[in-house]
Amino acid sequence: MEQQPTVVLGVIGADVHAVGNRILAYALEQAGFKVVNIGVLASQEEFINGAIETGALAILVSSLYGHGEMDCRGLREKAVEAGIGSILMYVGGNLVIGKREWDEVESVYQQMGFDRVYPPGTLLDEVIPQLRIDLGLVENGG
Amino acid sequence: MEQQPTVVLGVIGADVHAVGNRILAYALEQAGFKVVNIGVLASQEEFINGAIETGALAILVSSLYGHGEMDCRGLREKAVEAGIGSILMYVGGNLVIGKREWDEVESVYQQMGFDRVYPPGTLLDEVIPQLRIDLGLVENGG
Amino acid sequence: MHLKNEKWDMDYFTTMRENALREWPTGAEVDMQEALGYHKNLPAEKVFSTKLAAASAAGITLAQPRAGVALIAEHIDLLKYLQDVGGADLLPTTIDSYSRLNRYQEAQTGIEESRAHGRSMLNGFPAVNHGVGACRSVVESLDVPVQIRHGTPDAKLLAEITLAGGFTAFEGGGISYNIPYAKDVPLSRSISDWQYVDRLIGFYEENGVSINREPFGPLTGTLVPPSISNAVGIIEALLAAEQGVKSISLGYGQCGNLIQDIAALRSLKEQAEEYMTRFGYGTAVITTVFHQWMGGFPQDESKAYGVISWGAATAALAKATKVIVKTPHEAIGIPTKEANAAGIQTTKQILNMLKDQTLPDTVQLDEEVEFIKKETAALIEKALELGEGDLALGAERAFQAGTLDVPFAPSRVNAGKIMPARDNSGAVRLLNFGNLPFEPDIKEYHRQKIAERGCSEGRDPSFQMVIDDIYAISKGMLVGRPRR
Amino acid sequence: MHLKNEKWDMDYFTTMRENALREWPTGAEVDMQEALGYHKNLPAEKVFSTKLAAASAAGITLAQPRAGVALIAEHIDLLKYLQDVGGADLLPTTIDSYSRLNRYQEAQTGIEESRAHGRSMLNGFPAVNHGVGACRSVVESLDVPVQIRHGTPDAKLLAEITLAGGFTAFEGGGISYNIPYAKDVPLSRSISDWQYVDRLIGFYEENGVSINREPFGPLTGTLVPPSISNAVGIIEALLAAEQGVKSISLGYGQCGNLIQDIAALRSLKEQAEEYMTRFGYGTAVITTVFHQWMGGFPQDESKAYGVISWGAATAALAKATKVIVKTPHEAIGIPTKEANAAGIQTTKQILNMLKDQTLPDTVQLDEEVEFIKKETAALIEKALELGEGDLALGAERAFQAGTLDVPFAPSRVNAGKIMPARDNSGAVRLLNFGNLPFEPDIKEYHRQKIAERGCSEGRDPSFQMVIDDIYAISKGMLVGRPRR
Ligand code: B12
Ligand code: B12
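None of these values were measured; they are calculated from a predicted model.

Rules behind the numbers
- Residues numbered from 1 in each chain as written.
- Chains lettered and ligands numbered in written order.
- Predicted model: local features only at pLDDT ≥ 70, side-chain atom pairs only at ≥ 80, totals over all residues.
- Heavy atoms only, no water.
- Contact = heavy atoms within 4.5 Å.
- Salt bridge = Lys/Arg side-chain N within 4 Å of Asp/Glu carboxyl O.
- Polar contact = N/O pair within 3.5 Å; in protein donor to acceptor, adjacent residues only side chain to side chain.
- Helix = DSSP H or I, 4+ residues; strand = E, 2+ residues; numbered from the N terminus.
- Nonpolar A, V, L, I, M, F, W, Y, C, P; charged D, E, K, R; others polar.
- Pairing = 2+ DSSP bridges.
- Axes fitted to C-alpha atoms, helices over the stretch in contact; angles between N-to-C directions.
- Donors = N, O, S within 2.8 Å, 3.2 Å for Na, K, Ca; no water.
- Domains from an automatic or database assignment.
- Buried area = accessible area lost by both parts, 1.4 Å probe.
- Near = heavy atom within 4 Å.

(A) Geometry of the interface of chain B and chain C. Tallying the contact residues gives 29 residues for chain B and 34 residues for chain C. Between chain B and chain C we count 3 salt bridges in total. The partner of Lys99(B) in a salt bridge is Glu301(C), with the nearest N and O atoms 2.3 Å apart. Linking chain B with chain C are 11 residue pairs in polar contact (both at pLDDT 80 or more), by the criterion used here. For the side of chain B that touches chain C, the secondary-structure elements that each account for two or more residues are α1 (19-30), β2 (34-42), α3 (68-72) and α6 (124-134) of chain B. In terms of residue class, the side of chain B that touches chain C is made up of 15 nonpolar, 6 polar and 8 charged.

(B) Geometry of the sheet that holds strand β5 (residues 116-118) of chain A. All names here are of chain A. One open sheet holds the 5 strands; their spatial order is β2-β1-β3-β4-β5, and the pairing between them is parallel. Edge positions in the sheet fall to β2 (34-42) and β5, since each of these pairs with one other strand and no more. Within this sheet the neighbouring strands show an average axis-to-axis angle of 15 degrees, counted without direction. As paired elements, strand β3 (residues 58-63) and strand β4 (residues 88-93) share 6 bridges and run parallel to each other. Residue pairing in the sheet places Ala58 in a bridge with Leu88 of β4. Each of β1 (6-12), β2 and β3 is contacted by helix α2 (residues 44-54), which is oriented at about 170 degrees to β1, the strand it contacts most. Against the sheet, helix α5 (residues 102-111) contacts β4 and β5, and its axis sits at roughly 140 degrees relative to β5.

(C) Representation of the coordination of the cobalt atom of ligand 2. Only one protein atom coordinates the cobalt atom of ligand 2: His17(A) (NE2), located 2.2 Å from the metal. Note that His17(A) resides in the loop between β1 and α1 (19-30).

(D) Here's a closer look at the domain arrangement of chain C. All names here are of chain C. Along its sequence, chain C is organised into domain 1 (10-354) and domain 2 (418-484). A straight line from the C-alpha centre of domain 1 to that of domain 2 covers 31 Å. Listed by partner, the interface residues are 16 residues for domain 1 and 17 residues for domain 2. Across the domain 1 to domain 2 interface the summed buried area is about 1,200 Å²; carbon plus sulfur atoms make up 69%. Applying the counting criterion to the domain 1 and domain 2 interface returns 3 residue pairs in polar contact (both at pLDDT 80 or more). The element that contributes the greatest number of residues to the side of domain 1 that touches domain 2 is helix α10 (residues 226-242), accounting for 3 residues. Across the side of domain 1 that touches domain 2, the residue classes break down as 10 nonpolar, 6 polar and no charged.

(E) Local environment of the site of ligand 1. Taken together, 45 residues lie around ligand 1, and His17(B), Ala18(B), Ser62(B), Glu330(C) and Tyr471(C) are the ones closest in. The local environment of ligand 1 is shared, drawing residues from chains B and C. Interatomic distance of 2.9 Å between a backbone N/O atom of Gly98(B) and an oxygen atom of ligand 1. Elements with a contribution of two residues or more to the shell around ligand 1: α1, β3 (58-63) and β4 (88-93) of chain B together with α5 (97-100) of chain C. Residues that form the shell around ligand 1 fall into these classes: 24 nonpolar, 16 polar and 5 charged.

(F) Looking closely at the interface of chain D and chain C. In this assembly, 39 residues from chain D lie in contact with 39 residues from chain C. Across the chain D/chain C interface, buried area totals approximately 3,000 Å², and carbon plus sulfur atoms make up 63% of it. Of all residues in chain D, Trp310(D), Gln349(D) and Met353(D) give up the largest surface area on contact with chain C, accounting jointly for 20% of the area buried on that side. Inspection of the chain D/chain C interface yields 2 salt bridges. In this structure, Arg481(D) engages Asp356(C) in a salt bridge whose closest nitrogen and oxygen atoms are separated by 3.0 Å. The tally of links from chain D across to chain C stands at 15 residue pairs in polar contact (both at pLDDT 80 or more). Among the elements of the structure, α11 (258-278), α12 (301-317) and α13 (337-354) of chain D are those that each provide at least two residues to the side of chain D that touches chain C. For the side of chain D that touches chain C, a count of residues per class yields 18 nonpolar, 15 polar and 6 charged.

In structure tokens form, the structure reads like this:
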């Protein structure tokens with residue numbers, strides 16, 4: 001692999017759940033990505049700036065603590081304003097308060113402009129191949 | 001109490017659940033009833049004959065094991081044939097196979113001619129006063 | 001033939017078989033030679049005794065539910081679900097209560113009513129009515145070993161049909177499937193009928209087909225003191241071994257006190273092996289079965305999960321070879337397949353979390369083991385004495401004399417004179433000994449333990465205490481403390 | 001003021017209070033004298049420390065859920081349900097994550113959105129926004145004591161409002177509510193802010209009102225070795241006691257291995273009492289809190305019940321004063337009130353069944369206790385040394401030096417150099433010690449234990465092993481065995 005594809009990773013809002021973030025970063029690195037991990041308590045601005053500064057191909061947002069709906073709203077619009085409107089955006093975790101129908105949750109986040117939405121318990125073995133496909137990296141993926 | 005009111009008690013059909021029967025018998029005796037306990041594996045005939053032979057005022061049928069619906073059908077008719085058609089009849093236990101709506105279960109058994117139908121977990125503290133009322137024994141009940 | 005603990009001769013067995021196979025038309029389907037061949041072609045992972053022996057060697061605990069419905073296709077669906085969704089390691093086929101009492105005509109009505117109502121009107125699978133082919137279709141639809149579980153004093157035909165039908169394990173025994181499951185069946189008859197079953201299994205064994213035999217450990221499931229059920233289990237194991245049975249699982253029903261339960265299971269295995277060796281059956285393999293609480297359950301499902309879990313944890317810490325799983329519907333009725341699978345999943349979560357843990361040896365544990373073994377030995381030795389050295393006869397006479405006695409049993413051949421109650425830490429002790437042949441020191445131990453409780457509750461031990469104990473777990477406790 | 005473990009003088013405290021109460025308009029509602037009077041009129045059964053002390057004396061374990069929603073009426077309904085249907089012995093009021101970071105404006109938006117959507121959009125109850133009167137309406141609606149549970153590095157205003165609001169217990173601490181709950185907050189600041197809270201509680205105590213304080217034991221909830229969380233708990237207890245706190249509950253998050261968990265809780269209480277006595281706070285009352293598994297849960301509810309039950313069983317056998325209860329929805333999201341009540345009911349079934357049972361002392365248990373105490377002492381003594389005898393300063397420097405280090409913590413003031421992994425029986429050990437000041441014999445003990453596991457799994461211990469352990473319980477195991 002000539003150049004490593006870069007992704008920005010972080011946990012949005014007032015959320016401090018650090019364990020999944022740590023594992024995501026590790027797994028993405030193992031899979032050959034360059035990971036810009038902005039960690040927990042990340043603001044929308046940090047995601048956008050991180051992506052611009054590093055020329056990242058994707059933004060991967062985690063939200064575990066339940067406030068995701070409020071925290072994620074407007075992220076796509078900010079990306080558009082910042083001139084990276086078409087960047088790939090994934091979101092995953094415990095995305096809403098409580099147990100709600102997954103279809104409903106998925107569509108809430110899709111409407112916010114996320115390309116893919118992942119439920120709790122998602123296995124990374126599924127996510128990483130998908131990411132490669134969405135980034136058009138399948139041929140040269142490791 | 002001058003004369004003890006007599007009741008026939010038993011577990012109907014191919015049912016061998018003996019523990020509840022033992023406790024029912026004990027509790028009824030403690031409450032001043034004369035208990036004719038025909039025990040487990042009791043046939044409809046044993047209930048009817050027991051009642052006739054002892055001049056019992058009530059027949060108390062238990063069914064725990066799930067076949068109650070098949071085993072109890074026709075008991076009231078047999079009582080009618082035997083000339084004790086208006087005898088008070090209670091049934092209690094785990095009256096059907098599996099978890100079913102109680103209203104449905106109750107009405108199945110009421111249609112078979114049972115005067116009162118008791119769900120699993122019935123406390124005897126409720127049953128015995130009711131029995132006294134239904135037998136018109138309230139004034140002289142202990 | 002007079003009741004005698006002696007391997008049946010082939011002629012007698014053959015005559016008995018002819019009669020047994022005529023009890024219901026499906027008996028004609030049994031062809032022993034063909035059945036032996038069928039078994040030999042079963043893959044190893046479907047053979048009960050193989051899987052048990054492997055688990056026992058690995059020190060892990062397998063999970064097995066109870067389940068059975070009236071119709072074949074539905075029964076297969078149910079078991080598949082418990083295997084695939086529930087993750088059951090071993091499967092059952094629970095027989096309905098009519099068949100258990102050989103009332104095949106009523107079972108037939110149940111089958112028809114089930115078809116008509118579109119739901120099972122029977123509390124189990126009427127295997128005799130369905131016959132050999134149906135049994136095989138059950139076995140063939142599944143990936144794990146399947147056992148017949150029932151409660152049948154006379155299981156001759158049931159054994160013939162289900163073993164020819166490819167099942168590789170069979171529960172029961174002449175005592176354990178009589179005393180808790182019948183009212184009027186003499187022990188001489190049920191023991192002899194079970195000698196038949198054991199001889200049949202011995203015959204399979206002699207022909208290279210291993211069938212696991214499991215005496216029903218919990219008996220009435222309600223406050224049975226460990227030594228009583230252990231004695232019955234060991235006696236049945238010895239009777240079975242005499243007829244040639246080689247793979248035996250001995251069961252015990254959870255009482256609820258961790259130390260007593262672990263001690264009971266440990267005693268059971270150790271003492272069974274001692275007796276088997278003493279009587280020359282040392283080559284038989286003994287594994288253990290732990291039954292999650294067999295008495296009355298709480299109605300609330302979340303409370304039931306608590307009871308199920310505590311059983312699972314005890315089984316794992318006791319290193320039982322398998323655990324028989326209850327369901328969150330226990331107090332209400334035969335569980336749906338979902339509720340049944342849920343019970344297995346809860347159980348397996350605990351088994352897996354605990355499989356690498358052991359409860360270290362302690363003085364208290366050793367003391368319980370010692371007492372249980374002493375009591376169990378007293379019961380078995382007395383039976384041997386009463387039988388003038390013959391254990392089959394001795395078992396019958398022991399029940400007559402009340403030197404073996406099971407609490408709350410429906411059977412008239414059981415004396416019903418003993419009265420159990422929990423002590424202050426929830427262990428099951430005896431309040432009345434009836435005619436149990438216990439030494440004074442043992443009786444004193446029980447009395448003292450129950451007195452401690454009486455003292456802490458400020459009441460004299462009595463039948464009310466026993467009733468409180470019977471209701472206790474269903475009301476969210478272990479010890480039935482006086483109501484305020 | 002420089003960070004110092006010394007009781008604040010009244011002037012300094014008064015100045016600080018004036019600032020704190022101005023952070024949000026509801027601060028103006030706090031009237032300390034009136035609040036003291038309010039507390040004195042609370043019936044005894046609503047006072048946390050009283051109920052804890054009684055449970056501790058009786059040797060029983062109380063059950064407490066977590067719960068909080070955005071709006072007042074809904075929050076009261078929720079808690080009433082958990083009390084009446086769930087049977088909770090103690091109640092919480094869990095604060096939302098915006099408030100925890102003092103983002104009261106966002107919490108306000110959450111309140112408004114919750115009203116608009118008709119469902120809670122916040123993951124807790126924003127007590128500061130709701131104010132003193134609302135807090136009192138919560139306390140008054142319930143029959144059992146209520147505690148504030150949160151995760152707030154700077155809880156000055158929250159404490160003021162909720163204590164004036166009649167709550168009788170308050171969770172947190174300058175380390176335990178910083179390291180796992182923040183990214184950039186210096187320990188000097190959070191410790192000082194918590195000295196404020198402790199001084200406030202000390203002030204209540206001095207005026208005859210007892211408030212229970214509970215350092216947050218589980219920290220990140222994920223494979224935290226017992227000595228780390230015990231050391232943090234004991235340090236926070238000492239810091240709190242210096243400010244006049246008298247009723248302290250020390251917590252520990254279940255790791256999953258029974259012996260280790262019981263040893264950890266026992267060590268925690270014994271060692272805390274030793275340190276309290278050594279530093280002259282011997283009059284404070286120490287009780288214990290056991291947290292059911294705090295890491296990732298299985299999604300399947302029946303499996304979650306298994307995890308919950310095993311936590312309940314361990315809490316009961318460890319004789320914890322209270323157990324914090326998880327729910328079958330844990331892996332998915334904030335539980336419904338029904339799911340929350342179910343978790344309590346499962347827990348209470350087990351607590352009640354086990355309340356009269358104890359795990360007897362064993363060599364293994366003693367060994368674990370000894371090692372945990374040795375490690376904990378090493379960590380605390382090092383902090384004292386680094387602080388030149390001052391524990392507040394020492395705690396800050398210990399984290400800087402990495403001689404105190406919490407696995408998987410988000411905070412940058414945490415070194416993050418240690419790496420835990422389970423041994424072959426599921427006990428949490430250390431694979432990397434970072435800068436922990438452990439003697440060679442202790443390190444050798446850990447290494448050997450993990451090597452045993454590596455050996456049995458045929459792989460070298462590595463980060464992959466740690467990841468497998470993190471996922472293990474959610475996948476139905478305790479030890480994360482390699483996938484096949
Ligand atoms: C102990 C037990 C056994 C023991 C019984 C030992 C014995 N001989 O007594 C053993 C292990 C042998 C056994 C066997 C079987 N059992 Co069973 N058993 C139980 C269990 C766990 C407890 C029963 C008990 O003793 N309760 C304590 C007593 C005090 O309560 P009780 O019996 O309910 O009686 C009280 C009340 O119901 C009420 N009551 C009862 N009758 C009446 C009548 C009147 C008029 C009134 C007012 C009140 C009343 O008052 C009683 C006293 O408080 C129950 C489940 C449960 N409840 O948790 C299953 C249960 C009854 N068994 C059941 C079944 C299916 C069987 C078996 C077929 C095996 C199987 N498939 O699992 C066999 C059947 C044997 C037979 N032929 O009858 C099912 C019945 C299913 C259904 N109705 O849908 C149950 C509900 C378990 C289940 N969920 O699957 N069982
Ligand atoms: C450990 C834990 C904590 C620890 C966190 C320590 C730390 N700093 O990391 C502590 C105890 C501090 C904590 C605190 C809180 N927690 Co918390 N916590 C958990 C818990 C039990 C496990 C989380 C975890 O570590 N899982 C293991 C990792 C490996 O998995 P993961 O985080 O889910 O991440 C994986 C996947 O989700 C996925 N994924 C994640 N992000 C993304 C993104 C993309 C793009 C993709 C593809 C995949 C993906 O991949 C990750 C790796 O496999 C969960 C419940 C659970 N899952 O069982 C609750 C949970 C997340 N917490 C919750 C809550 C509410 C809180 C609190 C508000 C306290 C409270 N009310 O109980 C505070 C909030 C603090 C804050 N401001 O954020 C709720 C969230 C509720 C909701 N969404 O409805 C949960 C679900 C529990 C619950 N059911 O109530 N928590």
